[in-house]
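# Chain and residue survey
Each chain, letter by letter, is given below.
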Amino acid sequence: RNELYLCVAYRSPNSSDDNNELLLQFMAEMCDNNIDNLLFIGDFNLPGIEWHNWSSLTNNQLEVEFINMLRDFYLLQHVSFPTRSRGADTPHILDLVISNDSFVQEVKHLAPLGSSDHSLIYVKCSLQCNYTNSLQCTFGK
């Protein structure tokens, strides 16, 4: 039975150490469940990660732990373009699309909604679905 597990996250840039640890634990527990199609999407607010070489620019402990967790579970991070830019600030990849398999076919950025400083992210996945006609409805007695 093929299912997609979609986990959406927002990690505040001011998140506590306890919340950061809970996020890493949650992601690890999901990976430990041997799920075929696991997808994490969200604003993780980890601006110091250089995704082209999977390293932390400042050796920030959380960023290093996050990268190591992704490596430990062979997760793929699919966003390669800045997802947040504001005025003269340096654009960063803060919004991530992470999967445990190569079912993500395409990731594109689209214009932000309204006055948001985050891009919309379009994600196209290719999943094998097997449907059976087993739906039965019974009405009355």
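Above this note sits the structure.
Anyway, here's the lowdown on the structure attached to this text. (Residues numbered from 1 in each chain as written. Predicted model: local features only at pLDDT ≥ 70, side-chain atom pairs only at ≥ 80, totals over all residues. Heavy atoms only, no water.)

## Structural notes on the sheet that holds strand S1 (residues 4-10)
The strand order S1-S2-S6-S5 describes an open sheet built from 4 strands, whose pairing is mixed. Each of the sheet's edge strands pairs with one partner strand only, and the pair in question is S1 and strand S5 (76-77). When strand S2 (residues 37-43) meets strand S6 (residues 95-99), the two strands line up antiparallel, connected through 5 bridges. Within S6, the position partnered with Leu 39 by the bridge is Ser 99. Along the sheet, helix H1 (residues 17-32) makes contact with S1, S2 and S6, crossing S2 at roughly 160°. (Pairing = 2+ DSSP bridges. Helix = DSSP H or I, 4+ residues; strand = E, 2+ residues; numbered from the N terminus. Contact = heavy atoms within 4.5 Å. Axes fitted to C-alpha atoms, helices over the stretch in contact; angles between N-to-C directions.)

## Structural notes on the packing of H1 against helix H2 (residues 61-72)
Packing of H1 against H2 brings their axes to within 11 Å, and their N-to-C directions diverge by 5°. Taken together, H1 and H2 sit at an angle that is classed as roughly parallel. Residues Asn 20, Glu 21, Leu 24, Met 27 and Ala 28 of H1 touch H2, and the partners they reach there are Leu 62, Glu 65, Phe 66, Met 69 and Leu 70. A per-class count over the contact of H1 with H2 returns 7 nonpolar, 1 polar and 2 charged. (Parallel < 35°, antiparallel > 145°, perpendicular 65-115°, else oblique. Nonpolar A, V, L, I, M, F, W, Y, C, P; charged D, E, K, R; others polar.)

## Topic: H2
Side chains three or four residues apart in an α-helix point the same way, a direct result of the helix having 3.6 residues per turn. With 12 residues, H2 should reach 16 Å at 1.5 Å per residue; the first-to-last C-alpha distance of 16 Å fits that figure. When we look at burial in H2, the residues that qualify are Leu 62, Glu 63, Phe 66, Ile 67, Met 69 and Leu 70. The buried residues of H2 occupy an angular sector of 160° when the element is viewed end-on, so they sit on one face. Away from the buried face of H2 by more than 90 degrees, exposed residues Gln 61 and Asp 72 are located. N-cap assignment for H2: the residue whose side-chain oxygen lies 2.9 Å from the backbone N of Leu 62 is Asn 60. In the segment just after H2, Tyr 74 is the residue with positive phi, at about 55°. (Expected span 1.5 Å × (residues − 1). Buried < 20%, exposed > 50% of the residue type's maximum accessible area, 1.4 Å probe, protein only. Arc of directions from axis to C-beta. Polar contact = N/O pair within 3.5 Å; in protein donor to acceptor, adjacent residues only side chain to side chain.)

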